[in-house]
Amino acid sequence: MTKEALYRLIEESPVILDGATGSNLQKAGMPVGVCPEQWILDNEEALIRLQKAYVDAGTRILYAPTFSGNRVKLEEYGLGDRAEEINKKLVSLSKRAAGEKALVAGDLTMTGVALEPIGPMKLEELIDIYKEQARYLLEAGVDLFVVETMMSLAETRAAVIAIKEVCDLPVIASMTFQEDGRTLYGTDPITAVVVLQSVGADVIGVNCSTGPDEMIPIVRQMKEYAEIPILAKPNAGLPVLVQGETIYPMSPEEFASYGPAFVEAGAGMLGGCCGTTPEHIRCLTESVKDCKVKKPENLHPMMVASERKSQEIALDGNFLVIGERINPTGKKKLQEELRAGKLQIVEEMAEQQEEMGAHILDINMGTNGIDEKEMMLKAIQKVTMVSSLPLCIDTSYVEVMEAALRAYPGRALVNSISMEKEKIEKLLPLVKKYGAMFILLPLSDKGLPENLEEKKQLIHGVLERAEALGISRHQIVVDGLVTTVGANKKAALETLETIRYCKEELKLCTTIGLSNISFGLPERAYVNGAFVAMAIQSGLTMAIANPSNQLLMGISFASDLLQNKAGADIAYIEQVNRMGPMTQQTVKVAQKKPKAEEGKFIEEPQTRTLVFEAVLKGNIEGIVDLVKETLNQGESPKNILDQMLIPAINEVGRLFDIQTYFLPQLISSANAMKEAINYLEPMLQENGSQEEMPVVVIATVEGDIHDIGKNLVALMLKNYGYQVYDLGKDVPADKIIQAAEEYDADIIALSALMTTTMMKMKETIALRNEKKMKAKVIIGGAVTTQNFADEIGADGYSKDAAEAVKLVQSLLGENV
């Protein structure tokens, strides 16, 4: 099937997908805890009956039951070496069920092993795992692919890249969002759209986690920026416990009643996720049969994005600053640190520039004595952990640029592409493949253009080559090519004319390297300030500059204010508050301070030491050296734990609660603290300063092989000093109780991610009650709720790792 054929299908009427598979197969006899793929192969008719019922109900695209068919997931059951056989047989079953009435999509999802830097999985290893499964599915004859129920944008992007490198069949990318409107990793719907459509997804979607009512606003947000069709596959409401059974309460009729609203919000493909049945799909088909699908707007929004934030670049929008400081040119300390393989200064520069109002961060690792590609990849990892700003990748080497674009889990801005032969021939295809935006630099192999006319010719030359490859003009920002006015008296005038020409005649956004204009002149700040005001008036969109320059930033925000740009008044006031008064100096770098919740003042901790900061920033590599240094200065191990490490992880938890931090930062900070505690632990025991702490036994319940959340809870509790015994995943209730008795547990912590395994929590609680144990039971996981905890008799529920620590402290009567 081609992308064009899929789009024609969607234009005709809403395309109906299938509903839930796992819960319906359990009703057909599939036990909890078995490998679903193997059980299906042993009970073929159960799947074929279900999928035929979906087709009869109106399904036009069936998902092959290959959801957990990647090598890593199958290895959980000792079936990794049978991945090819299993995937191909499962597709053949779905093709039998589909007949000539429906298409079959090869289904892929997360491996359960997190990507670097928060997990052990390397990007190329993950891409190879997805490629392997995609090849099996392609050879089995699938019509298209779906990557679904994804929580990590980086992993979703990797899956899309993998499939696109295997074949040209259409790819659907569908993510799952929490009640707060973000994925577990902190991605919002707009950012997901920007990144995934740019890297080649043919349909973007949302599935699972919520019912229809909560999902419609997410679809509406996606529609605003989507150039491709949108998919929606909600659950049949939120799970509840009825007579000892977990059910999704929404009837087929109620579920289907949301169908027209989904289409009105922008969805062109509709189906069901957890709790839905063929009857839900039959009613949905009927409810939308007369609905007209809204076509994608194809507005080509100019957007760059990180994994957690997108930034629009608008022709008539507010002026933007690309922070220039992460560049070793002329910075001896930074050069020395890079040669030593360290990136602490890079992290600090990233945080400071974001704090001072930068909108995008330029990353340049160009210095001698280092492996630039290796350092670029490390810098991207570090910066994306400490800053949510999108990145501008700045390198002279094609190999470095390709590695950076492949690894960056967002949509980058490339700095830059000129008419130089090697750059235009090799970099444009990379921009096309990875969907990046780029800065057009009007240079050629001959060097700088001799005059304004030649500069315009070079701009048109790059535009023509880009458009010939199918790269939209909306992916391009033109560099005005600033030269020094000290050598060329017309330098400023020529640049201003270039800016005007690009905006008014070509409708292209522009940028400049601001400080070039004043090179060699005294008191350069005056020249730069006057020039940026004139350039903004001429239509300049953004500049590569130092956001710590108070005069420059003040003039930029004031220029927007005077031109009555949207939101410029508030933005100006916020920027002035960030910078402070100009009476002291014109260049001022603010120190990052914790952000207070609305209406509350948060005092900066007195213990904000280097060790504290290392936990806050997730400095896993450097924290032990900092602990050693602090010990050498005479600080006791107990004080480091009580006055630096614990307050730091408390601050991380607070930042997580107010959504300044997300899962990647929480994991990184917890791991940094773990390194410090591991180093201090022998000293704490030797000095007798480590008090006996309560015991926690933690496990993922029987039948469930998901453990990312459970592992983080265990790590956080260990960091707070609790004696934690992690039993792993897929642990039967009797084994959990046996361990709790053996270790004299104070707390039993249970995790489940699947509705089909939730009731194993109730079994564990029943056994605890039967044995009249002192241990209190807490539960968590994506499918659990406070209501469910109350219904099964749990002593507490936490929605995340940070809350789990507070819950344990509360249940044990400790000060929170």
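Residues numbered from 1 in each chain as written. Predicted model: local features only at pLDDT ≥ 70, side-chain atom pairs only at ≥ 80, totals over all residues. Heavy atoms only, no water.

Participant: How do you make sense of the overall build of the protein when you look at a structure like this?
Facilitator: For the protein, the count of helices and strands is 32 helices and 25 strands. Here the C-alpha coordinates of the protein stretch approximately 85 × 75 × 45 Å along the principal axes. Counting the 816 residues in the protein, one finds 59% classified as buried. Here the contacts in the protein between residues at least 6 apart in sequence split such that 75% fall between residues at least 24 apart. If you sum the accessible surface of the protein, you get close to 33,000 Å²; carbon and sulfur atoms cover 49% of it. The centroid of the 83 positive side-chain charges in the protein is displaced by 3 Å from the centroid of its 114 negative side-chain charges. (Helix = DSSP H or I, 4+ residues; strand = E, 2+ residues; numbered from the N terminus. Buried < 20%, exposed > 50% of the residue type's maximum accessible area, 1.4 Å probe, protein only. Contact = heavy atoms within 4.5 Å. Areas by Shrake-Rupley, 256 points an atom, 1.4 Å probe, with all protein chains shown as cover. Lys, Arg positive; Asp, Glu negative; His and termini not counted. Charge placed at Lys NZ, Arg CZ, Asp CG, Glu CD.)

Participant: Is there a simple way to think about the sheet that holds strand 21 (residues 695-700) in this case?
Facilitator: Pairing between the strands of a sheet is mediated by backbone hydrogen bonds and can be parallel or antiparallel. Pairing is parallel across the open sheet formed by five strands, whose spatial order is 22-21-23-24-25. The open sheet terminates on both sides in strands that have one partner only, identified here as strand 22 (723-726) and strand 25 (796-797). As paired strands, strand 21 and strand 23 (residues 747-751) are joined by five bridges and run parallel to one another. In the sheet register, Thr700 faces strand 23, and the bridge partner there is Ser751. The sheet strands contacting helix 32 (residues 801-811) are strand 23, strand 24 (776-780) and strand 25, and the helix crosses strand 24 at an angle near 165°. (Pairing = 2+ DSSP bridges. Axes fitted to C-alpha atoms, helices over the stretch in contact; angles between N-to-C directions.)

Participant: Can you help me understand the side chain of Thr191 in this one?
Facilitator: With respect to the helices, strands and loops of the structure, Thr191 is situated in helix 9 (residues 189-199). The contact partners of Thr191, leaving out residues within four places of it in the chain, are Leu153, Ala305, Ser306, Glu307, Arg308, Lys309 and Ser310.

Participant: What's the story with helix 32 in this structure? I'm lost.
Facilitator: For an α-helix the count is 3.6 residues per turn, leaving residues at separations of three or four pointing the same way. By the burial criterion, the buried members of helix 32 are Ala801, Ala802, Ala804, Val805, Leu807, Val808 and Gln809. Considering only its buried residues, helix 32 is in contact with helix 26 (637-657), helix 27 (663-686), helix 28 (708-719), strand 23, strand 24 and strand 25. The residue sitting at the N-terminus of helix 32 and contributing the capping side-chain oxygen is Asp800; that oxygen lies 3.2 Å from the backbone nitrogen of Ala802. Following helix 32 by one or two positions, Gly813 adopts a phi angle in the positive range, close to 70°. (Polar contact = N/O pair within 3.5 Å; in protein donor to acceptor, adjacent residues only side chain to side chain.)

Participant: Explanation requested: the confidence of the model for the protein in the structure shown.
Facilitator: Low-pLDDT stretches of the model should not have their predicted coordinates read in fine detail. For the protein, per-residue confidence averages 91 on the pLDDT scale, and 96% of positions sit at 70 or higher. Taken as a whole, residues 584-607 scores under 50 in pLDDT and shows 39 contacts with residues more than four places along the chain or in a different chain. (pLDDT = per-residue confidence, 0-100.)

Participant: Looking at this structure, I do not really get the pattern of salt bridges. What am I missing?
Facilitator: Side-chain pairing between opposite charges can occur once the charged atoms of the two side chains come close. By the definition in use, this model includes 47 salt bridges. For the salt bridge of Glu44 with Arg96, the shortest nitrogen-to-oxygen distance reads 3.5 Å. One end of the pair, Glu44, is in helix 4 (residues 44-57); the other, Arg96, is in helix 6 (residues 83-98), with 52 residues separating them in the sequence. Taking relative accessible area as the criterion, Arg96 reaches 47% and is therefore assigned partly exposed. (Salt bridge = Lys/Arg side-chain N within 4 Å of Asp/Glu carboxyl O.)

Participant: Whenever I open this one, a negative patch on the surface confuses me. Can you help?
Facilitator: Side chains of Glu179, Asp180, Asp213 and Glu214 sit close together on the surface and give a patch of like negative charge. Structurally, Glu179 is set in the loop between strand 5 (171-175) and helix 9. Take Glu179: its relative accessible area is 74%, and that puts it in the exposed class. (Patch = residues over 30% accessible without salt bridge, like charges linked within 9 Å, V, L, I, M, F, W, Y side chains within 5 Å.)

Participant: Got a minute to help me understand the sheet that holds strand 4 (residues 144-150) in this structure?
Facilitator: Across the sheet, which stays open at both edges, the eight strands sit in the order 1-10-7-6-5-4-3-2 with parallel pairing between neighbours. Here the strands that pair on one side only, and so sit at the sheet edges, are strand 1 (15-16) and strand 2 (61-63). For strand 7 (residues 230-233) and strand 10 (residues 267-270), the ladder comprises three bridges, and the chain directions are parallel. Counted as the bridge partner of Ala232 is Leu270 from strand 10. Relative to the sheet, helix 8 (residues 153-166) contacts strand 3 (103-108), strand 4 and strand 5, its axis offset from that of strand 5 by approximately 170°.

Participant: Is there a simple way to explain the environment of Gly622 in this structure?
Facilitator: In this structure, Gly622 sits in the loop between helix 24 (610-617) and helix 25 (623-632). On the basis of relative accessible area, Gly622 is assigned to the buried category, the value being 17%. When the C-alpha positions of Gly622 and Met534 are compared, they lie 45 Å apart, and in sequence the two are 88 residues distant.

Participant: Is there a simple way to think about the packing of aromatic side chains in this case?
Facilitator: A ring pair, where both rings are aromatic, is described by two values, the distance of the centres and the angle of the planes. One pass over the full model with this rule turns up one aromatic pair. Ring centres of Tyr725 and Tyr743 lie 3.7 Å apart, and the angle between their planes is 5°; this geometry places the pair in the stacked category. Here Tyr743 lies in the loop between helix 29 (733-742) and strand 23 and Tyr725 lies in strand 22, a separation of 18 residues in the sequence. By relative accessible area, which is 29% here, Tyr725 ends up partly exposed. Since its relative accessible area comes to 29%, Tyr743 is described here as partly exposed. When the ring centre of Tyr63 is taken as reference, the NZ or CZ atom of Lys233 above it lies at 4.2 Å. Sitting over the ring of Tyr501, Lys456 keeps its end group 4.3 Å from the ring centre. (Phe/Tyr/Trp six-rings, centres within 6.5 Å; stacked < 30°, edge-to-face > 60°. Lys NZ or Arg CZ within 6 Å of the ring centre and 35° of its normal.)

Participant: Quick question: what am I supposed to make of the packing of helix 26 against helix 27 here?
Facilitator: Each pair of packed helices can be summarised by the angle the axes make with each other and by the distance between the axes. The contact between helix 26 and helix 27 brings their axes to 11 Å, and the two run at 170°. Accordingly, the angle class assigned to the pair helix 26 and helix 27 is roughly antiparallel. Contacts between helix 26 and helix 27 involve Pro637, Lys638, Ile640, Leu641, Leu645, Ile646, Ile649, Val652 and Phe656 from the former and Leu663, Leu666, Ser669, Ala670, Met673, Ala676, Ile677, Leu680, Met683 and Leu684 from the latter. Its residues assigned to classes, the contact of helix 26 with helix 27 comprises 17 nonpolar, one polar and one charged. (Parallel < 35°, antiparallel > 145°, perpendicular 65-115°, else oblique. Nonpolar A, V, L, I, M, F, W, Y, C, P; charged D, E, K, R; others polar.)

Participant: Could you clarify how one ought to interpret helix 29 in this entry?
Facilitator: For helix 29, the set of buried residues is Ala733, Ile736, Ile737, Ala739 and Ala740. Burial along helix 29 is one-sided: seen end-on, the buried residues are contained in an arc of 160°. Lining the buried residues of helix 29 we find strand 21, strand 23 and helix 30 (759-770). Asp744 sits one or two residues past helix 29 and shows a positive phi near 55°. (Arc of directions from axis to C-beta.)

Participant: What exactly am I supposed to notice about unusual backbone geometry here?
Facilitator: One can expect most non-glycine residues to show negative phi and most peptide bonds to be in trans. Cis geometry marks the peptide bond from Glu116 to Pro117; its omega dihedral reads 10°. Structurally, Pro117 is set in the loop between strand 3 and helix 7 (123-140). A cis geometry characterises the amide bond from Asn415 onward to Ser416, with omega recorded as 10°. Mapped onto the secondary structure, Ser416 falls in strand 16 (residues 413-417). A positive phi angle, near 55°, is found at Leu481, a position not held by glycine.

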